[in-house]
Amino acid sequence: MDAKNTPVRGTGGAADPLVVIDHVDKHFGDLHVLKDIDTTVARGEVVVVIGPSGSGKSTLCRAINRLETIDSGTISIDGKVLPSEGRELATLRADVGMVFQSFNLFAHKTVLENVTLAPMKVRKLSKKAAETRGMALLERVGVADQAKKLPAQLSGGQQQRVAIARSLAMEPKLILLDEPTSALDPEMINEVLDVMVGLAKDGMTMIVVTHEMGFARKAADRVIFMADGRIEEEAAPEQFFGAPRSPRAKDFLSKILAH
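Here, residues in each chain are numbered from 1, in the same order as that chain's written sequence. Per-residue local features are limited, in this predicted model, to residues with pLDDT of at least 70; the limit for side-chain atom pairs, both in listing and counting, is 80 or more; totals at the level of whole chains, interfaces and linings are taken over all residues. Hydrogens and waters are ignored; side-chain quantities use all the structure's heavy atoms.

Naming follows an unreviewed UniProt entry, where the protein chain appears as ABC-type polar-amino-acid transporter of Herbiconiux ginsengi. The UniProt entry for the protein chain carries the following text under Subcellular location (unreviewed entry): "Cell membrane". Under the UniProt heading Catalytic activity (unreviewed entry), the entry covering the protein chain gives this text: "a polar amino acid(out) + ATP + H2O = a polar amino acid(in) + ADP + phosphate + H(+)". UniProt positions are given in the numbering used here, feature names are shortened, and annotations may be inferred rather than shown by experiment.

Set out below in structure tokens:
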């Protein structure tokens, strides 16, 4: 690989590593979607993953809690390598919250039931304790007054905030957010981003795949830029947006920041 196309590495070596992604590769058939991904996320760090469509961002996010298998390399969370299946995987996965672009709420359960189900089943909380925590979290994300409604009675922005509360209810070590605002109408995006900024300020470890550059500038400790299945560059937001070093990142930013 010539110097011009060599990925630019940032400060991926974390002082207190929570997530360690070590030379991970992934194929879908003949398509090589993750190519030697190698980075570390520190406890309390907010990492925003950006890049063009098809660059491997969502696949990486899903691989971190084994919703996608990997072909080679390892992913460790809090010092434990993710197993491919079984009870150990379920235990580790319980420590990783996941927020999808399509909300994935249980349609036949109320908002509060959506938030309390996993803590009762997995963490063995009593119904009373789960509901107390659930209401506090719904208050935190601004939808406590919707607790008795079904998801279909809520706006998209409200549903996504419920999904965030549901992931927080498990008291995860890490939250993965895979394009959490891309299915929302423009006026609902900020209400979800505001909740995410609040989580970042509270010290939650987050890996966020997003097209929202304003969020990346405001809340990220580090930006990872992916293209063609590789990490092309990783840097602090002011460095990345102010003076990107890789040609691919410069080209990407010139296209999206021109509008």
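On we go.
The next point concerns the overall build of the protein chain. Regarding its fold elements, the protein chain presents nine helices and ten strands. Radius of gyration: C-alpha atoms only; globule rule: 2.2 Å multiplied by the number of residues to the exponent 0.38. Taken over C-alpha atoms, the radius of gyration comes to 18 Å for the protein chain, in line with the 18 Å a tight globule of 259 residues would show. Viewed in the frame of its principal axes, the protein chain has a C-alpha envelope of about 60 × 45 × 35 Å. Pairs at least 24 residues apart make up 67% of the contacts formed inside the protein chain by residues separated by at least 6 positions. Labels follow the DSSP assignment, with helices taken as runs of H or I lasting at least four residues and strands as runs of E lasting at least two, numbered in each case from the N terminus. Note on contacts: a residue pair qualifies if any of its non-hydrogen atoms lie within 4.5 Å across the two residues.

The next thing to look at is helix α6 (residues 186-201). One less than the number of residues in a helix, times 1.5 Å, gives the span that helix is expected to have. Given a rise of 1.5 Å per residue, 16 residues ought to cover 22 Å, and the 23 Å separating the end C-alpha atoms of α6 matches this to within 8%. Whether a residue is buried, partly exposed or exposed follows from its accessible area with a 1.4 Å probe, protein chains only, as a fraction of its type maximum: under 20%, in between, or over 50%, in that order. For α6, every residue scored as buried is listed here: M188, I189, V192, L193, V195, M196, V197, L199 and A200. Tucked inside the fold, the buried residues of α6 contact β3 (46-50), α4 (127-140), α5 (156-168), β7 (174-178), β8 (206-209) and α7 (213-219). Looking one or two residues beyond α6, the residue adopting positive phi is G203, at roughly 90 degrees.

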